Amino acid sequence: MTKEEFEVTAYDVKGTVDYDKLVHEFGVKHLDVPILNRLKAYTGELHHTLRRQHFFAHTNFDQILNALERKEKIYMYTGRAPSGPIHIGHIFVWQFTKWLQDKFGCELIFQIPDEEKFFFKDNVTLEDTAKWTHENMLDIVALGFDLKKTKFLIDTRDAGVMYKTACQIAKKTTASTVRALFGLKNEDNVGKYFYTMMQSVPAFLPTVIEGKPTLCLIPCAVDQDVHFRLTRDVAERLGYPKPSTILSKFLPSLSAESKMSASADIGIWTTDDAKEVERKIKKYAFSGGRDTIEEHRKLGGNPDIDVSFQWLSMMFEPDDHKLASIRDDYKAGKLLSGELKQILIGKINAFLAEHQKKREQARPIVEKLLKQPF
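Residues numbered from 1 in each chain as written. Predicted model: local features only at pLDDT ≥ 70, side-chain atom pairs only at ≥ 80, totals over all residues. Heavy atoms only, no water.

*Asks:* Looking at this model, I keep getting lost on the overall build of the chain. Mind explaining?
*Replies:* Each helix and strand counted, the chain has 17 helices and nine strands in total. Scaling as 2.2 N^0.38, a compact globule of 374 residues should have a C-alpha radius of gyration of about 21 Å, and the chain matches this with 21 Å. Taking the principal axes of its C-alpha atoms as reference, the chain extends roughly 65 × 45 × 45 Å. Put simply, of all contacts in the chain between residues at least 6 apart along the chain, 77% involve residues at least 24 apart. (Helix = DSSP H or I, 4+ residues; strand = E, 2+ residues; numbered from the N terminus. Rg over C-alpha atoms; globule rule 2.2 N^0.38 Å. Contact = heavy atoms within 4.5 Å.)

*Asks:* Sorry if this is basic, but what is going on with the pattern of salt bridges here?
*Replies:* It is possible for side chains of opposite charge to pair when their charged atoms get near one another. Summed over all chains, the structure comprises 21 salt bridges. A salt bridge links lysine 192 to aspartate 188, with the shortest nitrogen-to-oxygen separation between them at 2.9 Å. Since its relative accessible area comes to 13%, lysine 192 is described here as buried. A salt bridge links aspartate 233 to arginine 237; its shortest N-O distance comes to 2.9 Å. Of this pair, aspartate 233 and arginine 237 both sit in helix H11 (residues 225–238), four residues apart, roughly one helical turn. One network of salt bridges, in which partners are shared, links Asp272, Glu276, Arg279 and Lys280. (Salt bridge = Lys/Arg side-chain N within 4 Å of Asp/Glu carboxyl O. Buried < 20%, exposed > 50% of the residue type's maximum accessible area, 1.4 Å probe, protein only.)

*Asks:* Sorry if this is basic, but what is going on with the packing of helix H14 (residues 307–316) against helix H15 (residues 320–332) here?
*Replies:* Between two packed helices, what matters for the description is the angle formed by their axes and the separation of those axes. Running from N to C, H14 and H15 point in directions that differ by 165°, and their axes come no closer than 10 Å. The angle between H14 and H15 falls in the class roughly antiparallel. The way H14 lies across H15 gives a crossing that is left-handed. Counting all contacts with H14, which are made through Phe309, Leu312 and Ser313, the residues of H15 involved are Leu323, Ile326 and Arg327. Taken together, the residues of the contact of H14 with H15 sort by class into four nonpolar, one polar and one charged. (Axes fitted to C-alpha atoms, helices over the stretch in contact; angles between N-to-C directions. Parallel < 35°, antiparallel > 145°, perpendicular 65-115°, else oblique. Left-handed = near helix turned anticlockwise from the far one by under 90°. Nonpolar A, V, L, I, M, F, W, Y, C, P; charged D, E, K, R; others polar.)

*Asks:* Help me understand the pairing of strand S5 (residues 75–79) in this model?
*Replies:* On a regular strand, one side chain projects to one face of the sheet and the next to the other, so that they alternate. Counted residue by residue, S5 has four buried out of five residues, so it is predominantly covered. The pairing of S5 with strand S8 (residues 216–221) spans two bridges and is parallel. Directly across from tyrosine 75, in S8, lies its bridge partner cysteine 216. (Pairing = 2+ DSSP bridges.)

*Asks:* How should I be thinking about the packing of helix H2 (residues 33–43) against helix H4 (residues 61–69) in this particular structure?
*Replies:* Viewed as axis vectors pointing N to C, H2 and H4 meet at an angle of 30°, and their least axial separation amounts to 11 Å. With respect to each other, H2 and H4 are oriented roughly parallel. Crossing hand, H2 versus H4: left-handed. In this structure, H2 uses Ile35, Arg38, Leu39 and Tyr42 to contact H4, whose residues at the interface are Phe61, Asp62, Leu65, Asn66, Leu68 and Glu69. Classifying every residue of the contact of H2 with H4 by side-chain character gives six nonpolar, one polar and three charged.

*Asks:* Help me out: how do you make sense of the packing of aromatic side chains in this one?
*Replies:* In this description, an aromatic ring pair is defined by two values, namely the gap between the centres and the angle between the planes. Applying the stated criterion to the full structure yields 15 aromatic pairs. Relative to phenylalanine 228, the ring of tyrosine 77 has its centre 5.7 Å away and its plane inclined at 85°; by these criteria the two rings are edge-to-face. Of the two residues, tyrosine 77 sits in strand S5 while phenylalanine 228 sits in helix H11, which places them 151 residues apart along the sequence. Note on phenylalanine 228: relative accessible area 4%, which makes it buried. Both rings, one in phenylalanine 204 and one in tyrosine 240, keep their centres 4.4 Å apart while their planes meet at 5°; by these two values the pair is stacked. Of this pair, phenylalanine 204 sits in helix H10 (residues 190–210) while tyrosine 240 sits in the loop between H11 and strand S9 (244–248); the two residues are 36 residues apart in sequence, bridging distant segments of the chain. (Phe/Tyr/Trp six-rings, centres within 6.5 Å; stacked < 30°, edge-to-face > 60°.)

*Asks:* Mind showing me how you'd approach unusual backbone geometry here?
*Replies:* Glycine aside, the phi torsion of most residues is negative, and most peptide linkages are trans. Of note in the backbone geometry, glutamine 53 takes a positive phi value of approximately 60° without being a glycine. Among the structural elements, glutamine 53 can be located in the loop between helix H3 (48–51) and strand S4 (55–59). Residue classification places glutamine 53 among the partly exposed residues on the basis of a relative accessible area of 47%. One non-glycine residue, asparagine 60, lies in the positive phi region at around 60°. Position of asparagine 60 relative to the elements: it lies in the loop between S4 and H4. Judged by its relative accessible area of 18%, asparagine 60 is buried.

*Asks:* Hey, could you run me through helix H5 (residues 88–104) in this one?
*Replies:* Three or four residues apart is the spacing at which side chains of an α-helix point the same way, because the helix has 3.6 residues per turn. Between its first and last C-alpha atoms H5 spans 25 Å; for 17 residues at 1.5 Å apiece the expected length is 24 Å, and the two agree. The buried count for H5 comes to 13 of 17 residues, which makes it a mostly enclosed element. Within two residues after H5, glycine 105 carries a phi angle of roughly 65°, on the positive side. (Expected span 1.5 Å × (residues − 1).)

*Asks:* What am I meant to see in the sheet that holds S5 here?
*Replies:* Hydrogen bonding along the main chain pairs the strands of a sheet, whether they run parallel or antiparallel. Spatially, S3-S4-S9-S8-S5-S6-S7 is the arrangement adopted by the seven strands of the open sheet, whose pairing is mixed. Each edge of the sheet is formed by a strand with only one pairing partner; in this case those strands are strand S3 (29–30) and strand S7 (150–154). Of the strands in this sheet, S4, S8 and S9 are in contact with H4, which crosses S9 at around 120°.

*Asks:* How do you make sense of the environment of tyrosine 193 when you look at a structure like this?
*Replies:* Examined against the element boundaries, tyrosine 193 turns out to sit in helix H10. When the C-alpha positions of tyrosine 193 and phenylalanine 119 are compared, they lie 9.4 Å apart, and in sequence the two are 74 residues distant. Residues in contact with tyrosine 193, not counting those within four places in the same chain, are Ala175, Val178, Arg179, Leu184, Lys185, Asn186 and Asp188.

The following block contains the structure:
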C-alpha cells in the first residue's frame, strides 16, 4: 500500500486516511459552516471537536436539527461490542455523545451487542462477552450519562425486544448486500449476517417505543457508517425514518499508523496507572519533533503528525487559546517533543484519576442496570 492509498472498512483502517476522499466514497456530507451555525444557535456553543473538525461529516443531521427546532422528540444511539477493556479511543466518541445528550436533553439507547465478537472471533465465548459487558459498563456509566434518559440494550438479554424488528429488517436485506457492505464470504457463519440486522434495530426502536415516526441520531467514527448505510437502505421500505449519523475522524494510534484499536499497537486503557501512561507515551507516541534538540530549536516540530498534539486537540485540551499556544511554541522550536509528551501525560493522568474513582463508584449502579431488562 503506497502512502497515497488507504482502506477504511467497518473492521479495519489502513494507511493515512484522506477524509475528503472518504466523504465522496461513503456518500456522506461535510459538517459545513451553515449546519454548524444552526447547531450552535440551538446549543449555545460548539464542542471543541466540532470547532476543530474532528467530527467532520454527517448523514441527515439537518433533519435532526429540523426536529429539534420544531421541539419534536429525538433519540440518540451508540454502542460498544464487549470483548476487552476500554481504551481512550472509545472514550473520544462517548464524551461527544454525552455532550450532545446534555445539550439536546434526549433519550439515549446504548447498545451492548454482546454477540458480535462471539460471531466474529474464534477465541471469544459468550462467557467472555458477559464479563466484558460488566467491565465496559463501568467505564460507560463513569462518564456521567444521564441514566434517567439512558437505556442499555444488551443483545442476548434483550433479544425479545429486538427480534421482531430484526426479522423485519432481515426480510428486506439480501445476503449479497451484506457481503458487499461488510466483505463477508460464503464460508462465514450465518451469525455474522444476522448480527448486522441486530445492529440496525436500535435506530428503529425510537419509532417503536413512541408509536410514531421518531428520528434517531448516531454519533460514531466514520468507519462505522457502513452499518447504517444498510439501515438507511431498508428504513423507508419498512415505514421507519432514516437514521442520522454524525461522524468523527479517527483518534490516531500511538504509532500514528492508523486509528487506535484494541487489537492494534499499544493503547492507553482506562485502568492504566499514572506510571504506565507515562511509560507508554514516552516510549510509543509518534513525535513530530526533529532528530536533535539543536535542530528542533532551529526548525521547530510538526504538530500535524505528532500524536501527542493530535490527542490534545481531539480530547485533552478543549481550550482553543491554550492549544494554539502549544502549537505555536512547538512549531517555533520553543517546546520540545519530550515537553509536549509531558503535557499530554499530565492531562491523561488527571482525566484517568477522576475517571477511575467514578468507575469504582459505578459498580453498584452497573449491578442494578444489568438486572434491569430494556
